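Summary of structural features
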Amino acid sequence: LKGKKILITSGRTKENIDPIRYLSNNSSGKMGYSLAQAAVDLGAEVTLISGPTDLKVPNGLENFISVESALEMYEKVDECFKNNDIFIACAAVADYRPKEYKKEKIKKSDSDLVMELVRNPDILLEMSKKKEKQLLVGFAAETNEIRENALKKLEKKNLDIIVANNASAMGSDENVIEIIKKDRTSVEISQKSKIELAYDILNEVICELEKTK
Ligand code: C5P
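Residues numbered from 1 in each chain as written. Predicted model: local features only at pLDDT ≥ 70, side-chain atom pairs only at ≥ 80, totals over all residues. Heavy atoms only, no water.

**Focus: the packing of aromatic side chains**
For the coordinates displayed, the defined rule picks out two aromatic pairs. A centroid spacing of 6.4 Å and a plane angle of 70° characterise the contact between Tyr 33 and Phe 64, whose relative ring orientation is edge-to-face. Of the two residues, Tyr 33 sits in helix α1 (residues 30–41) while Phe 64 sits in strand β5 (residues 63–66), which places them 31 residues apart along the sequence. Residue class for Tyr 33 comes out buried when judged on its relative accessible area of 6%. For Phe 64, a relative accessible area of 34% translates into the label partly exposed. Relative to Phe 87, the ring of Phe 81 lies with its centre 6.0 Å away and its plane at 80°, an arrangement referred to as edge-to-face. Of the two residues, Phe 81 and Phe 87, both sit in the buried class. Between Lys 14 and the ring centre of Tyr 22, over which it is positioned, the NZ or CZ distance is 4.9 Å. (Phe/Tyr/Trp six-rings, centres within 6.5 Å; stacked < 30°, edge-to-face > 60°. Helix = DSSP H or I, 4+ residues; strand = E, 2+ residues; numbered from the N terminus. Buried < 20%, exposed > 50% of the residue type's maximum accessible area, 1.4 Å probe, protein only. Lys NZ or Arg CZ within 6 Å of the ring centre and 35° of its normal.)

Structure below.
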C-alpha cells in the first residue's frame, strides 16, 4: 500500500443530550484501529478519524483526528475525503441525535419523558455521492439477515466492498466476516482476531485496486 492514502473512521459516536447524558452504542473501535495499524504496517499513509474509544493510537500513524458526534465526524471526513485514495467506514455512527441539546441538566419529573431525535448524515452515503477515484469500503453489522442487509448497503452506498458481520462481535477481539465485492463475489472468513481480519480485508482492497489499474 506504499503511496496510497487511506482514510478510516472508527469507534462509536456520542450524541449529547445535556451536559451529563448522551446517546451512543457498544462499538469498541477495535476493527477500525486494527485496520489502521495493518494499513500503516503495509506502507499506507493513514488518517484515522475516531469517535470515543478506550484504545491507544496505532503505532506509526501519521494523522489521528479525535471526534465525538456524528456531525463532527462528518465534517472531518468531508475535509479529508478528496485527498484520499481509499475510504474505509468502520465507525458505528449514531443514526439519530437529539433535536435539541439542553445546556442545563434535564430534571426528572414524575411523568414520562419524550425526546425528539433527528437524522444524522450517513457519512459513507454522502461520500459515495462525491466519489471520484476513491475505493469505498463499508461495514454492515447486523443481527439478522446479515448477507441480505449487507447487499442492500453495498448497492445503496455504491460501495466497492462491504464487510458483513454479526453485531454480536461488537467489543470482542475476534470476529467472523464475509467480504462481499461489488461484482457480488465474496470471501467468507471464519473466526480470527481483528488484526488478522484487517489484513484479509486490506488484501481484498489491494485486489480491487489492481483491477482499476
Ligand atoms: O449504519 P449502517 O449499518 O448503515 O452502516 C453501514 C456503513 O455505513 C458502515 O460502514 C458505517 O460506518 C457507515 N455509516 C456512516 N454514517 C452513518 C451510518 C453509517 O458512515 N451515519
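Now that the structure is up, let's keep going.
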